[in-house]
Amino acid sequence: MSWQTYVDDHLMCDIDGQRLTAAAIVGHDGSVWAQSELFPQYKPEEISAIMKDFDEPGSLAPTGLYLGGTKYMVIQGEPGAVIRGKKGSGGVTIKKTNLALIFGIYVEPMTPGQCNMIPAAVAIQMPCRSLELSLSEGVKRAGDRLCSSTASDLAFPKRKLFSTLESH
C-alpha cells in the first residue's frame, strides 16, 4: 500500500458523515510522503518547531503552532506523541510515529474528537510499513515475513481501522 493510499483512503475517510479537510504524512525531516489536495504548503521552520515540541513538550504553547502560515492555539495533547491545535471552528491533530508525522486538519461540523481519532488509528497501522521502507532490499524479504500477520490488515476496510483503535 502506498503512503498516498493511507492519506486518500484512511485519513480522508468518512466518519459519521464527516471528513477531515486536509491530511498528510510528513517525514521527521519535513519531506512530504503523501498529502491531500488541500493540505497547506508549510515552511521547513514550521515542521522544525513541531518536532521541537515533541522533544520539548510545551515549547509551542507561548507562540502557537503554525502550519502553512496559519496560527493554531496549542491545546492539550499527549507529550511526545500528539500535538493538537485549535483555530476558530477547526483545528489540527499531529500524531508522531517513529519516522513520520500524521496530520489531520478539520473544520466543524467534524468534532475535535473525530479528528483526533483518525491520525491515531492510522498510526497504529503504520509501524510495520515503516519498518519495511527502512530496510535494505536484501533484508526486505525478512521484514515482509515479520510483518506478514499485519500485512493483510493493511488492506482493511475503513471501519476495521477504527475498531482497531478502540481495542488499543
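Residues numbered from 1 in each chain as written. Predicted model: local features only at pLDDT ≥ 70, side-chain atom pairs only at ≥ 80, totals over all residues. Heavy atoms only, no water.

An unreviewed UniProt entry annotates the protein as Profilin of Ensete ventricosum.

Considerations on the side chain of Thr-97
The following threshold applies: Only DSSP runs of H or I with at least four residues qualify as helices, and only runs of E with at least two residues qualify as strands; both kinds are numbered from the N terminus onward. Each residue gets one of three labels from its accessible area relative to the maximum for its type: buried under 20%, exposed over 50%, partly exposed in between, using a 1.4 Å probe on protein chains only. Residue contacts are defined here by distance: any two heavy atoms, one from each residue, within 4.5 Å place the two residues in contact.
Looking at where Thr-97 falls in the secondary structure, it is placed in the loop between strand S6 (90–96) and strand S7 (100–107). Judged by its relative accessible area of 14%, Thr-97 is buried. Ignoring any residue separated from it by four or fewer positions in sequence, one finds Thr-97 in contact with His-28, Ile-102 and Ala-123.

Here's the deal with unusual backbone geometry
Each neighbour pair has its own omega, and for Glu-108 with Pro-109 the value is 20 degrees, a cis peptide bond. Looking at the secondary structure, you find Pro-109 in the loop between S7 and helix H3 (112–125). Phi at Asp-16 is positive, roughly 50 degrees, even though this residue is not glycine. Note that Asp-16 resides in the loop between helix H1 (3–11) and strand S1 (22–27).

A closer look at the pairing of S6
Keep this limit in mind: Only strands that DSSP links by at least two bridges are regarded as paired with each other.
Burial within S6 is extensive, with six of its seven residues counted as buried. The pairing of strand S5 (residues 82–87) with S6 spans six bridges and is antiparallel. Within S6, the position partnered with Val-82 by the bridge is Lys-95. The hairpin turn running from S5 into S6, its antiparallel successor, is two residues long, and Gly-88 in that turn takes a positive phi close to 55 degrees.

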